[in-house]
Amino acid sequence: MSVFRMIFKNTLRHPLRNFLTMLGIAVAVSAFGLLRTVLTSWDAAIEVAAVDRLVTRDAVSFIFPMPLAYAEKIEKVKGIETLCFFNWFQGVYKDKQNFFPRMAVQPDRVFSVYPEYILSPTELEAFEKERKACVIGESIAQQFNLKLGDQMTIEGDIYPGNWDFIIRGIYKRRDEKVDGTQMFFHWDYLNERMNQVAPGRANQIGWIVAKLSPGANPAAVADEIDNQFKNSSTETKSETERSFNQSFFESYSAIFTAIRIVSVLIIGIILLVLGNTMIMSTRERTQEYAMLKTLGFSGQNLISFIAGESILLSFIGAMIGIVLLYLLVQVVSAVVPKQFFPVFFIAPSTYIITFSAAVALGFLAALQPVMTTLKTRIVDGLRFIG
Amino acid sequence: MASMNGAIIQVNNVKKSYYRASIEIPVLRNISLAVPDGEFLALMGPSGSGKTTLLNLVAGIDRPDAGEVNVGGINIAALGESELAQWRSRHVGFIFQFYNLLPVLTAYENVELPLLLTKLPKKEKKEHVEFAMNLVGLSDRKENRPSQLSGGQQQRVAIARAIVTDPTIIVADEPTGDLDKISAAEVMMLLNRLNTEFKKTIVMVTHDQRAAEKAHKVLHLDKGDLEPEVRS
């Protein structure tokens with residue numbers, strides 16, 4: 001018999017109680033992991049944003065358009081390698097619930113500016129050639145069971161009318177942090193229709209994403225762009241894509257803080273659940289621990305027995321919790337609208353933090369029972385009636 | 001083990017009191033006692049007379065307020081906690097009234113328990129356990145848990161656990177106190193055999209006159225004082 005076998009046998013002593021404890025830990029671990037996944041998935045949107053891309057938009061608000069001519073002027077600024085302009089199209093695909101970002105773009109440039117969206121040369125060529133062609137992300141293709149050659153009709157809202165598209169490309173993501181839910185189509189297609197039905201809205205662009213040349217100073221380039229349009233009717237604001245995303249997400253900081261607080265509370269719940277079980281177990285075994293001390297088992301031996309059991313419980317609970325977390329994330333990823341979480345995946349750090357926290361809590365939960373057991377005199381322990 | 005004046009256990013002027021709500025309750029008053037090697041000593045007395053306290057002092061699981069407890073030439077009252085724990089694991093075998101077996105372990109594992117503290121090879125551990133289980137006549141119940149054994153059998157497992165490390169002394173606190181007459185007789189025969197055949201020094205606390213009759217010597221404690229009664 002080994003010390004581990006003894007720990008294992010003690011863990012099986014109250015199967016129902018310990019099963020419920022492990023289940024409690026598992027649920028708490030999966031909840032903690034899920035909240036962390038929410039945070040890391042939001043963070044991923046910031047992290048994936050490049051620092052060598054500048055976003056230029058109307059200085060007042062993102063929703064106001066800029067003249068098309070701005071793109072030509074910005075392209076001439078030193079330090080810019082290439083750029084692509086965008087218009088937010090929105091619209092409804094079959095149902096309002098089916099949200100995913102839809103944007104009018106320059107088809108020959110968008111994939112140079114965003115190399116993390118991987119499109120095969122054949123598909124790119126087909127996309128560029130056809131006015132009504134569009135490219136969708138692999139996540140959208142999977143979600144709506146769409147394939148190359150399929151027709152998509154989008155009902156416009158910002159840009160009214162029915163808009164027909166043919167899928168000529170399905171882009172792949174460079175890694176799991178990259179958003180696979182975008183739809184791109186020809187800006188010319190949008191502009192032509194606007195020329196016909198609402199000429200006042202033609203030749204306008206939403207924002208410009210410029211890829212910087214290697215070694216270019218983003219702040220200096222941004223200043224130069226914005227200075228060009230200073231005191232004009234449409235002033236601009238340029239910033240790196242990362243700071244653009246950061247400022248966008250800052251508006252949700254209260255939600256993030258709340259999620260972080262709840263995560264800490266969940267850690268506390270794990271500690272209470274496990275601590276309660278360990279306190280009950282060691283109290284019931286007061287006589288046994290006194291007997292073990294009588295036989296010559298040292299304080300260190302008793303710490304091994306008690307902390308070992310507590311860590312084993314939290315270890316198994318954490319393992320079950322991580323399996324639950326994996327399943328939960330699959331479910332959440334499938335059912336939660338993509339506008340909230342374009343990417344939703346469990347970061348490796350979440351596995352490590354969740355698992356380490358659970359095991360560390362296993363040790364912490366054993367502290368009080370260990371201290372009580374060590375302090376109890378043998379003669380008192382042997383006389384103890386639980 | 002070396003003995004002083006032929007006595008393996010030498011208790012000198014030991015005092016022990018307990019405190020209840022800061023009121024001192026003397027339990028042992030200036031007790032002195034010598035137990036020769038190979039002795040089978042029974043301590044008797046009414047409840048609260050201090051016999052279990054004296055046994056605990058001799059076994060090194062409690063400390064005197066004053067005086068010395070020498071076992072095998074070592075003043076155990078002067079040892080630190082971890083040294084004392086080590087000393088107990090090597091030199092003392094314990095038998096409790098309520099057996100104090102671990103319910104999750106089999107009889108074999110319960111007997112093996114004290115050997116976890118030794119560095120004996122696995123094979124030798126097995127030999128020790130099997131010898132002890134044979135000695136108490138339970139080699140066919142090795143895989144049974146305590147709940148599957150009778151009270152007498154559980155006490156025999158406890159005796160096997162007490163002797164598996166081949167201790168210098170065996171201390172037994174009311175070993176027949178929870179047993180029926182037949183089981184009690186079996187347990188006493190076993191203790192007697194350990195004393196006569198294996199020359200183990202045994203100190204036993206008992207209320208049971210029949211159990212005490214198996215001892216070589218019976219000492220009576222009353223209100224913390226010792227009254228000797230020697231029997232041949």
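Residues numbered from 1 in each chain as written. Chains lettered and ligands numbered in written order. Predicted model: local features only at pLDDT ≥ 70, side-chain atom pairs only at ≥ 80, totals over all residues. Heavy atoms only, no water.

1. A look at the overall build of chain A
Per the secondary structure count, chain A includes 14 helices and twelve strands. Whereas a compact globule of 386 residues would reach a radius of gyration of roughly 21 Å, chain A reaches 30 Å, over 25% beyond that. Counting only C-alpha atoms, chain A reaches 95 × 45 × 30 Å along its principal axes. With 386 residues in all, chain A has 50% of them scored as buried. At a minimum sequence separation of 6, the contacts of chain A that also span at least 24 residues come to 79%. Of the roughly 18200 Å² that chain A leaves accessible, carbon and sulfur atoms contribute 61%. Side-chain charges in chain A split into 37 positive and 35 negative, and the spacing between the mean points of these groups amounts to 11 Å. (Helix = DSSP H or I, 4+ residues; strand = E, 2+ residues; numbered from the N terminus. Rg over C-alpha atoms; globule rule 2.2 N^0.38 Å. Buried < 20%, exposed > 50% of the residue type's maximum accessible area, 1.4 Å probe, protein only. Contact = heavy atoms within 4.5 Å. Areas by Shrake-Rupley, 256 points an atom, 1.4 Å probe, with all protein chains shown as cover. Lys, Arg positive; Asp, Glu negative; His and termini not counted. Charge placed at Lys NZ, Arg CZ, Asp CG, Glu CD.)

2. Some details on unusual backbone geometry
Residues other than glycine predominantly adopt negative phi, and peptide bonds predominantly adopt the trans conformation. All names here are of chain B. In this model, Asn30 sits at a positive phi of 50°, which is unusual for a non-glycine residue. Structurally, Asn30 can be placed in strand 2 (residues 23–36). Assessed through its relative accessible area of 44%, Asn30 is described here as partly exposed. In this model, Lys199 sits at a positive phi of 55°, which is unusual for a non-glycine residue. Note that Lys199 resides in the loop between helix 6 (181–196) and strand 8 (201–205).

3. Digging into the packing of aromatic side chains
All names here are of chain A. In the structure shown here, the tally under the stated rule is 27 aromatic pairs over all chains. Ring plane angle 20° and centroid distance 6.5 Å describe the contact between Phe4 and Phe8, whose orientation is recorded as stacked. In this pair, Phe4 and Phe8 are both assigned in helix 1 (residues 3–11), four residues apart and thus about one turn of the helix distant. Its relative accessible area of 39% is what places Phe8 among the partly exposed residues. Here Phe315 and Phe355 contribute two aromatic rings whose centre-to-centre distance is 5.3 Å and whose plane-to-plane angle is 75°, an arrangement assigned as edge-to-face. One end of the pair, Phe315, is in helix 12 (residues 299–335); the other, Phe355, is in helix 13 (residues 348–375), and 40 residues separate them in sequence. A residue is classified by how much of its surface remains accessible, and Phe355, at 23% relative accessible area, is partly exposed. The ring of Trp163 has Arg193 sitting right over it, with the charged end atom 3.9 Å from the ring centre. (Phe/Tyr/Trp six-rings, centres within 6.5 Å; stacked < 30°, edge-to-face > 60°. Lys NZ or Arg CZ within 6 Å of the ring centre and 35° of its normal.)

4. Examining the sheet that holds strand 4 (residues 66–71) of chain B
Residues and elements named next belong to chain B. The strand order across the open sheet built from four strands is 2-1-4-5, with neighbouring strands paired in antiparallel fashion. Each of the sheet's edge strands pairs with one partner strand only, and the pair in question is strand 2 and strand 5 (74–75). Pairing analysis gives five bridges linking strand 1 (residues 7–20) to strand 4, with the strands arranged antiparallel. Across the sheet, the residue bridging to Asn12 is Glu68, located in strand 4. (Pairing = 2+ DSSP bridges.)

5. Description of helix 4 (residues 122–135) of chain B
Residues and elements named next belong to chain B. Helix length check: helix 4, at 14 residues, gives a terminal C-alpha distance of 20 Å against a target of 20 Å (1.5 Å per residue), a fit within 8%. Those residues of helix 4 not exposed but buried are Lys125, Val129, Ala132, Met133 and Leu135. Seen along its axis, helix 4 keeps its buried residues to an arc of 160°; they face one direction. Elements that come into contact with the buried residues of helix 4 comprise helix 3 (107–112), helix 5 (151–163) and helix 6. Looking at the residues trailing helix 4, positive phi occurs at Gly137, about 75°. (Expected span 1.5 Å × (residues − 1). Arc of directions from axis to C-beta.)

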